[in-house]
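So the chains spell out like this:
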Amino acid sequence: MTQRMLEGFKVIDFTHVVAGPHCTKILAEHGAEVIKIEPLGGELARMLPMHREERSGYFIQHNVGKKTMAMDISTKEGQDICHGLIKQADVVVENFSPGVMKQHNLDWETLKEINPDLIMCSISCFGQTGPLSHLPGYDWIGQSYAGIIDLTGEAGRTPVFGEYAFGDVSTGAHAYGAIVTALMHRLRGGKGQYIDISLVEVLFSYHEMNVQVCTSSKGQMVAKRSGAHHGMLAPVGIYKCGERFVFLLGVNHQWAGLTKAMGREDMLKDPRFSDLIGMGQHKDEINAAVEEWLESVGDADKAVAILQEHGVPCAPILTIPEVIEHPHSKARGTVRTVNDAIFGEVQIPRTPLRFSEFPEPPDLRAGTLGQHNHEILREQLNYSEQQIANLETQGIIGSKNI
Amino acid sequence: MPPTHILNGIKVIDFSHYVAGPHCTRLLAQHGAEVIKIERLSGDPTRKLPVQKGGTSGCFVQHNLGKKSLSLDLEKPEAQGICHDLIKNADIVVENFTPGTMKRLNMDWETLQAINPKLIMCSVSCMGQTGPLATYPCFDYIGQAYSGIMGMTGDEGGFPALSGMAFGEISTGAHAYGAIVSALFHKLHGGGGQYLDISLLDCLFSYHAMNVQVYDASNGEMNPLRSGHQHPFIAPLAIYQCKGAYLIIIALGKQWTNLVKLIDREDMLDDPRFADPVSRNVNRAELTEAIEFWLDGFDDVDAALRSLGENHVPAAPVLSVSEVMSHPHMIERGIVQTITNKHFGDLKIPASPYRYSLFPEPLELEAGLLGEHNHEVLSEQLAYTTEQIQILEDSGVCSIKP
């Protein structure tokens, strides 16, 4: 087997739930040795659905490829083990609330003394500094503070949020990129360093337009949630067709294709629709024409086929089962199956980084709670069986088949 | 010149346009790489997007900081020859045309690999380079519809809702950045060049932190469907109203105990209907009523948020983009970056979420005018004489220097 890109690099992982674990999962998928240290009761993700024989599919998805240790890091013995492992490690990743690592003598100031070449990455909701930094956070908390949820939903009604964790997962991917960048810096002769990644900042960077448009127009152009249709451009939005929904976009050069597809070439010559601004001002007329045409077609698949023939960007709005079964997903291997010893087969999304040198994602498994306690203490820190037994008796380390 | 950032000395030839590809190469530039952006003679279409000042688009500036602009007619063999010569001495090529376009322009991986065997080439696309959907015309929202993201956003049973920003494109750019740095790291470690296939669809689908495995593992019994402002499987995880303002509250693990104590409903701790996040969701009507009753006792939403924060229950106000920009936390963290562009003037954009202790300040970068660096790149990097450049300009191979 070809050596994967990060083989030989060691990561000590203090993360939980999604953003941090997703980052260390990508590190593991690139060949790094990841040792995940969990509290004795297991991290929160182990409590999230689905469960089979107490084993969480959610945990498996975000923790494949990691060795697992469970220990009480509030004890001196637990901290000694962590320090011993970190001395030999390249990377530490954590996503506690800021301050927690310091409380356990695992903060950057302490760790860089132990290992000056170390790269430490802290992932948090609000960042390590600033007035909100101490607050607990999740993806949707970050989305609220980043101005994302406010832009999602029908105008004048309760906003809605997407039922997926794009903030957490993509923050993990940002942290991954930052860590490999810092590793590269070290490889070229640079020092170890500390990386501060915040969910709110990652989410805020997704405003590809809203921030500059708001300030550059001196507050004249402020994005607002506008439900199924774009607030400023038309036709850009979600339309009903038969019993289903279709997204389509017919601005710029696609407008000609769309009018042809609809048999409404007359609209091309209408001066009201001669440019983007005019089309935006008359979006009600345009949307009505699109709706009328879609109603006449009556079938979403048929409408999508006609639109695609005319080069109009469009898509059926798929449900999760439809995405899993879609021929394109099948052809690309977008859904991966993990074979878990307890849970059985579990389907998860494939990590989106595809390399020609490493075309297949590695076949990795997720550890049970504390599965590798003995192996790591014995092999990496030369603990004797007696010492390990003592740690277990004192309740400093533990394991459970979950 | 002393190195200013981690990727100093790395050269990138950038054929990207719109957002996903340009965001990737902007990140490369922000990390110190030399990025030469090759544009068609009419320029990247984002040069026409709002807001315009001094003949420059704020949108273009945001996504193209730090790049040199070389403007060529890629249909002409002379222009392709220039590209090949530049790529001979480059480390990375990034492009985000529809699959097939680079081959037509003699710039596909097979051709470029033969020119530069150590090259890393990254293609960013909506649907990926393979599979039945590969060549469909696309934008962020098309990927959102095909990945099941759009279908999971909006009110239950009603229209799906658009999200008000291009989180797919920006985060796909960040994924591409991470993949490129991994491949560079591999090359520095003695590995070869390689080809990277990064798709918006893959990235968006990976954001289903829960939906795919839950659907699969429950044999379709738990079918993820959009559920407006409440999470479909987990409670409490929802948007609530307090004195006319919206806030989001999420309480998992021990935060659930914190919440019920705070709202004076400790009886729920012993109630089997509220034993875990899934059963709390089944009985969420009663839970929502209890939370809103408690919220109703506050004079305003800020007081409620303070109380939730002090009691370690994750909660957030649903902020608009302008509220985010004026929030004290965001100001202290510098989440908004002000760019001074010599044509546009001051421009506010989201700051890069990558924060390194060794490189605390972002580089001061400028976005080029169309073809601004034609002469510089051709004469300094490919030793063209002024006469040769003049001939290229006269024959329409490259644009006239602005």
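Residues numbered from 1 in each chain as written. Chains lettered and ligands numbered in written order. Predicted model: local features only at pLDDT ≥ 70, side-chain atom pairs only at ≥ 80, totals over all residues.

Draft legend 1. Layout of the overall build of chain B. A count of helical and extended segments in chain B gives 17 helices and 13 strands. Along the first, second and third principal axes, the C-alpha atoms of chain B reach 85 × 45 × 40 Å. Put simply, chain B has 402 residues, and 56% of those count as buried. In chain B, once contacts between residues fewer than 6 apart in sequence are set aside, the share between residues at least 24 apart is 71%. (Helix = DSSP H or I, 4+ residues; strand = E, 2+ residues; numbered from the N terminus. Buried ≥ 20, exposed ≤ 12 C-beta atoms within 10 Å, placed from the backbone. Contact = placed C-beta atoms within 7 Å.)

Draft legend 2. View of the overall build of chain A. Within chain A, the secondary structure is distributed over 18 helices and 13 strands. Along the three orthogonal principal directions, the C-alpha set of chain A runs to about 85 × 50 × 40 Å. Going through the 402 residues of chain A one by one, you find that 57% of them count as buried. In chain A, the proportion of contacts linking residues at least 24 apart, taken out of those at least 6 apart, comes to 71%.

Draft legend 3. Representation of the sheet that holds strand β6 (residues 91–94) of chain A in the model. Residue and element names in this part refer to chain A. Strands sit in the order β5-β2-β1-β6-β7-β8 across an open sheet of 6 strands; the sheet is parallel. Where the open sheet ends on each side, the last strands, each with one partner, are β5 (66–70) and β8 (193–198). Taking the axes of each pair of neighbouring strands and ignoring which way they run, one obtains an average angle of 20° across the sheet. Relative to β5, strand β2 (residues 33–38) runs parallel, the two sharing 5 bridges. Looking at β5, one finds that Lys36 is bridged to Thr68. Contacting β6, β7 (119–124) and β8, helix α7 (residues 166–187) runs over the sheet at an angle of about 165° to β7. (Pairing = 2+ DSSP bridges. Axes fitted to C-alpha atoms, helices over the stretch in contact; angles between N-to-C directions.)

Draft legend 4. Examining the packing of helix α1 (residues 19–29) of chain A against α7 of chain A more closely. All names here are of chain A. Interaxial distance between α1 and α7 falls to 7 Å at its minimum, and their mutual angle equals 50°. The angle between α1 and α7 falls in the class oblique. Note on packing geometry: the crossing formed by α1 with α7 is right-handed. Residues Ala19, Gly20, His22, Cys23, Ile26 and Leu27 of α1 form the contact with α7, whose participating residues are Asp168, Val169, Thr171, Gly172, Ala173, Ala175, Tyr176 and Ile179. (Parallel < 35°, antiparallel > 145°, perpendicular 65-115°, else oblique. Left-handed = near helix turned anticlockwise from the far one by under 90°.)

Draft legend 5. Up close: the sheet that holds strand β5 (residues 67–71) of chain B. All names here are of chain B. Here we have 6 strands laid out as an open sheet, ordered β5-β2-β1-β6-β7-β8, and parallel in their pairing. Two strands close off the open sheet at either side, each with one partner strand: β5 and β8 (194–199). Between one strand axis and the next, the sheet turns through 20° on average, direction left out of account. Inspection of the sheet shows strand β6 (residues 92–95) paired to strand β7 (residues 120–125) by 4 bridges, in the parallel sense. Bridge pairing in β7 places Val94 opposite Cys122. Along the sheet, helix α3 (residues 77–88) contacts β1 (11–15), β2 (34–39) and β6; its crossing angle with β1, the most-contacted strand, is approximately 150°.

Draft legend 6. Inspection of the packing of α7 of chain A against helix α7 (residues 167–188) of chain B at higher detail. Their axes nearest at 9 Å, the elements α7 of chain A and α7 of chain B cross at an angle of 25°. With respect to α7 of chain B, the element α7 of chain A is oriented roughly parallel. For the pair α7 of chain A and α7 of chain B, the crossing hand works out as left-handed. Between α7 of chain A and α7 of chain B, the residues in contact are Phe166, Ser170, Ala173, His174, Tyr176, Gly177, Val180, Thr181, Leu183, Met184 and Leu187 of chain A and Phe167, Ser171, Ala174, His175, Tyr177, Gly178, Val181, Ser182, Leu184, Phe185 and Leu188 of chain B, respectively. Classifying every residue of the contact of α7 of chain A with α7 of chain B gives 14 nonpolar, 8 polar and no charged. (Nonpolar A, V, L, I, M, F, W, Y, C, P; charged D, E, K, R; others polar.)

Draft legend 7. The arrangement of the domain arrangement of chain B in detail. For chain B, the domain assignment lists domain 1 (11–206 + 353–394) and domain 2 (237–322). Distance between the C-alpha centres of domain 1 of chain B and domain 2 of chain B: 44 Å. (Domains from an automatic or database assignment.)

Draft legend 8. The interface of chain A and chain B, seen in detail. Contact with chain A, which involves 124 residues of that partner, is made by 130 residues of chain B. Looking at the side of chain A that touches chain B, its residues break down into 71 nonpolar, 39 polar and 14 charged.

Draft legend 9. How the structure looks around the domain arrangement of chain A. You can read the domains of chain A as domain 1 (10–205 + 333–393) and domain 2 (236–321). Each of domain 1 of chain A and domain 2 of chain A was reduced to a C-alpha centroid, and the two centroids are 43 Å apart.

Draft legend 10. Structural context of the nonpolar core. Counting residues in each nonpolar core, the largest one holds 270 residues, and the members touching the most others are Ile179 and Val246 of chain A together with Ile180 and Leu247 of chain B. Per-element accounting of this core gives the leading share, 11 residues, to α7 of chain A. Here Leu247 of chain B is in contact with Tyr240, Cys242, Val301, Ala304, Leu305, Ala315, Ala316, Pro317 and Val318 of chain B, once residues within four sequence places are set aside. (Core = buried A, V, L, I, M, F, W, Y, C linked by C-beta atoms within 7 Å.)

Draft legend 11. Focus on α1 of chain A. All names here are of chain A. Buried residues dominate α1, accounting for 11 of its 11 residues. Ala19, Gly20, Pro21, His22, Cys23, Thr24, Lys25, Ile26, Leu27, Ala28 and Glu29 are the residues of α1 that are buried. Where α1 terminates, the next one or two residues include Gly31, which has phi positive at roughly 105°.

Draft legend 12. Structural detail: the environment of Met262 of chain A. Examined against the element boundaries, Met262 of chain A turns out to sit in the loop between α10 (254–261) and α11 (266–269). Once residues within four sequence positions are removed from consideration, Met262 of chain A is found in contact with Ala289 and Trp293 of chain A.

Draft legend 13. Broad picture of unusual backbone geometry. The omega angle of the peptide bond from Ala234 of chain A to Pro235 of chain A is -10°, so this bond is cis rather than trans. Between Pro50 of chain B and Val51 of chain B the backbone carries a cis peptide bond, its omega angle lying at -5°. Turning to its location among the elements, Val51 of chain B is positioned in the loop between β2 and β3 (52–53). Phi at His312 of chain B takes a positive value of approximately 60°, unusual for a residue other than glycine. Take His312 of chain B: it is sitting in the loop between α13 (301–310) and β11 (315–317).

Draft legend 14. Up close: the environment of Asn281 of chain B. All names here are of chain B. Mapped onto the fold, Asn281 is located in helix α11 (residues 277–282). Overall, Asn281 belongs to the buried group, with 21 C-beta atoms counted inside 10 Å. As a C-alpha pair, Asn281 and Gly158 span 123 residues in sequence and 20 Å in three-dimensional space. Setting aside its immediate chain neighbours within four residues, Asn281 contacts Phe233, Ile234 and Ala235.

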